[in-house]
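Per-entry structural report
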Amino acid sequence: MNRAGMNRRRRAPVAWKAGAQALVARAAPLVCWAFIVSGALIVPGLFVPAAAGAAPYAAVPAAFSGNPPALPGPDGTALLLGIHVGDEPEYAALFMPVAAGLGASVVPVEFRWDKVEAVPGRFSWDGYDRAVRSAVAFGLKPVGVLVYPRDVPWLGETGGGVGWPSGYIDDWLYFAGQVVARYGWIVTDWILWREEPLNPNPFLYASEAVPHARWTQDTAAVIRRIRPAARVRAAVPGADLRWLEVFAAAEGLSAVDGLVLDLNRWPAPPDGLPVAVDEVRAVARAAGSDPELWVWRWGYPTHDGISTSPPRRRGVGEQEQAAFAVQSHILLAAAGVRAVLAFEAIDRGMDPSDASDRFGLFRSDGSAKPAAAAYQTMAKTLAGLVSSGRVEPGAAELGAGTLEDAVAAELIRRAAAAAEPKRFEAYRFVGDGGRQVLVVWVAGGRGTPGTSPAAGAGGEGGMRVSLAGFALPGVAVRVTGPAGDALEELPLGPAPVYVEIRPAPAPDPLPEEQQESGDSSGERPRSRGPASGDRNPATRGWRASGGGISIKAGEGRK
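Rules and cut-offs
Residues numbered from 1 in each chain as written. Predicted model: local features only at pLDDT ≥ 70, side-chain atom pairs only at ≥ 80, totals over all residues. Heavy atoms only, no water. Pairing = 2+ DSSP bridges. Helix = DSSP H or I, 4+ residues; strand = E, 2+ residues; numbered from the N terminus. Contact = heavy atoms within 4.5 Å. Axes fitted to C-alpha atoms, helices over the stretch in contact; angles between N-to-C directions. 1 Å grid on protein atoms, 1.4 Å probe; cavity = no way out; pocket = protein on both sides within 12 Å on 5 of 7 lines; lining within 4 Å. Points joined across faces, edges and corners; volume = space filled by probe spheres on them. Nonpolar A, V, L, I, M, F, W, Y, C, P; charged D, E, K, R; others polar. Buried < 20%, exposed > 50% of the residue type's maximum accessible area, 1.4 Å probe, protein only. Polar contact = N/O pair within 3.5 Å; in protein donor to acceptor, adjacent residues only side chain to side chain. Parallel < 35°, antiparallel > 145°, perpendicular 65-115°, else oblique. Left-handed = near helix turned anticlockwise from the far one by under 90°. Core = buried A, V, L, I, M, F, W, Y, C linked by side-chain atoms within 4.5 Å. Expected span 1.5 Å × (residues − 1). Bend = angle between axes of the 7 residues up to and from the residue. Salt bridge = Lys/Arg side-chain N within 4 Å of Asp/Glu carboxyl O.

Pairing is antiparallel in the open sheet, where 6 strands are placed in the order β9-β10-β11-β16-β13-β14. Among the strands making up the open sheet, the edge pair consists of β9 (386–390) and β14 (486–487). Two strands pair when backbone bridges link them, and strand β13 (residues 475–480) and strand β16 (residues 497–503) are joined in this way by 6 bridges, in the antiparallel orientation. Across the sheet, residue valine 479 finds its bridge partner in β16, namely valine 499. Contacts between helix α12 (residues 403–419) and the sheet are confined to β10 (423–430), β11 (436–443), β13 and β16, with β11 contributing the most and set at about 10 degrees to the helix.

This paragraph deals with empty space enclosed by the protein. To find the voids left in a structure, one rolls a probe of water-molecule size over its atoms. Under the definition given, this model contains 4 cavities of 30 Å³ or more. Approximately 80 Å³ is the volume attributed to the second largest cavity. Forming the walls of the second largest cavity are Trp298, Gly299, Tyr300, Gln321, Ala325, His329, Ala342, Phe343, Phe359, Leu361 and Tyr375. Counting residues per element, the lining of the second largest cavity draws most heavily on helix α10 (residues 318–334), which supplies 3 residues. A class-by-class count of the residues in the lining of the second largest cavity yields 8 nonpolar, 3 polar and no charged.

Tracing the chain through its elements places tryptophan 190 in strand β4 (residues 189–194). Overall, the relative accessible area of 0% leaves tryptophan 190 in the buried class. C-alpha of tryptophan 190 to C-alpha of valine 145: the two residues are 45 residues apart in sequence and 5.7 Å apart in space. Only 3.4 Å separates the side chain of tryptophan 190 from the backbone oxygen of valine 187, close enough to count as a polar contact.

Further remarks concern unusual backbone geometry. The omega torsion of the bond from proline 310 to proline 311 falls at -5 degrees, within 30 degrees of zero and hence cis. If you trace the backbone, proline 311 turns up in the loop between β7 (292–298) and α10. Along the chain, phenylalanine 343 connects to glutamate 344 via a cis peptide bond; the corresponding omega equals 0 degrees. Examined against the element boundaries, glutamate 344 turns out to sit in the loop between β8 (339–342) and α11 (370–381). The phi dihedral of glutamate 251 falls on the positive side, at around 70 degrees, and the residue is not glycine. Looking at the secondary structure, you find glutamate 251 in the loop between α8 (241–249) and β6 (258–262). Residue glutamate 251 is classed as partly exposed on the basis of its relative accessible area, which comes to 45%.

Think of two packed helices as two axes; the pair is described by the angle between the axes and how far apart they sit. It is the contact of α10 with α11, at a shortest axis distance of 8 Å, that shows an interaxial angle of 25 degrees. The orientation of α10 relative to α11 falls into the category roughly parallel. Relative to α11, the crossing made by α10 is right-handed. Between α10, through Glu318, Gln319, Gln321, Ala322, Val326 and His329, and α11, the contact on the second element is made entirely by Pro370, Ala371, Ala374, Tyr375 and Met378. For the contact of α10 with α11, the residue count by class is 7 nonpolar, 3 polar and 1 charged.

Grouped together as the largest cluster of nonpolar side chains are 109 residues, with contacts concentrated most on Phe111, Leu146, Phe175, Trp190 and Leu259. Top contributing element to this core by residue count: helix α3 (residues 89–102), with 10 residues. Setting aside chain neighbours within four positions, we find leucine 259 in contact with Ala234, Val236, Phe247, Leu253, Val280, Pro291, Glu292, Leu293 and Trp294. Core analysis: the next-biggest nonpolar cluster, separate from the first, contains 26 residues, Ala408, Met463, Val465 and Leu487 among them.

A few words on the side chain of glutamate 195. By secondary structure assignment, the location of glutamate 195 is in the loop between β4 and α7 (209–226). For glutamate 195, a relative accessible area of 10% corresponds to the buried category. Here arginine 112 takes part through its side chain, which lies 3.0 Å from a polar atom of the side chain of glutamate 195. When neighbours within four sequence positions are excluded, glutamate 195 is seen to be in contact with Arg112, Val147, Tyr148, Pro149 and Arg150.

Within β13, 5 of the 6 residues are buried, which leaves it mostly tucked inside the rest of the structure. Across 2 bridges, β13 lies against β14 in antiparallel orientation. Directly across from threonine 480, in β14, lies its bridge partner alanine 486.

Working note: α-helix, 3.6 residues per turn, so residues spaced by three or four point in the same direction. The end-to-end C-alpha distance of α3, which contains 14 residues, comes to 20 Å, matching closely the 20 Å that a straight helix rising 1.5 Å per residue would cover. Its maximal kink placed at phenylalanine 95, α3 deviates by approximately 45 degrees, while the proline proline 97 follows within four residues. Burial within α3 is extensive, with 13 of its 14 residues counted as buried. Backbone geometry just after α3 places glycine 103 at a positive phi near 110 degrees.

With that settled, the discussion passes to the pattern of salt bridges. With the rule as written, the count across this model stands at 26 salt bridges. Between glutamate 500 and arginine 478 there is a salt bridge; the shortest N-O distance is 3.2 Å. Pair noted here: glutamate 500 is in strand β16 and arginine 478 is in strand β13, with a separation of 22 residues, a long-range link. Among the residues examined, glutamate 500 registers a relative accessible area of 6% and is labelled buried.

Below, the structure is given as structure tokens:
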């Protein structure tokens, strides 16, 4: 049936009252956050100020003749960091500066069919216009999410159901086309997401993958017809391999550029993430495909006890949330995942026992959880760096075998020895100019005595590595704690810590007059390089002198 016949169908009354009541119920947290757009600060240096006095935003055009720049490709590029900012466009617009201040570069904007087109043929754009404008104003790349709501009848062989949205494929495609036509001038990456049932049958749910594949093919075709350069990704249940196999067999993978995986497994630690990613990649390759992989809606809720909403599982402590959030990103980057969209910026509500209300890096009253500073430190420290994977403690040297690599290998060896018998983890990120960052922590199970991430910054059980006399001449070393503080020692605990290693500039030469006359005191002037970083805030925490590492004869900087 085509669009012209749509209005002849029987439609159930639009449940606008329920939506209005839900919005009012969430007004209190919204008021608490209203001060953010005025430039208020919670964590020092966290939020970017509002664009005071900026010119009014131009109207979002319905069409755009050029092709906007897409997100960078996966080869040789750093992990893309993203943060969910809520499914209500009004909230999303308000919280864009929060995502930008935390260090994210992309944000998903969810276009729900039942909200955008609550009445057949009548589209509500204002809130979404503000959300997209706000993302662009704060330097974020919006990723469009076309959401097929959970409570809308799913498309069958003939489609359809009573009420609105209808569950007819032509109605859905018309909606999708309208969204892409309006925002394709800036949104080049699209995610197709049908909300899963809350408790799907693990044996029967895979049969739904066949119509899901057809829906994906039809929707992707509409997007590319309007925007040929657009990249389309399918949101899929990453832990349901049976579902993925059926989806691939039904040609769902051939319709998209990538997959967006839901791999949530809280409250379990993130240790098994690389295995889960490899299993998904194996299913795709068995079907003759190698899609780019993203992970989204990933997080750890901090609710009390057993969640009152499904899935009914325990939450984690706030220190655990901070440690696990960073560990997850490091593990996923090493597994070859291109982007991680953390869930989420702000707690959604006030219920202390509802998991769905407690995923935020910030509480709903505006105060920061430890995860906020941990995420911001990770984003700032690893910006522009590319993961080279896990480093085995027994590695004799790293990379090209430079002095910086030798320092890194020796530091890892000493840290691993100090962490025994715990499992020591080290992951390496590299960048231009010989710069590299090691991210290290000691893995431990939840609830095990002495493994609380609260002790991570200080070293679990006193485990730490001294940096005194560690760095070679010409190599600078700096240790950054989970909250961004410069440390004098390398602590070893569940909270990831960063060790940055880079070439150090040569010390300043003696002044010419001192070289000619000599210095009877024998005291060398203080260098202005990283070796004397105590006076220069830009280099504070760096060490670039001493010894203590054996280098083979004839080995030098390469």
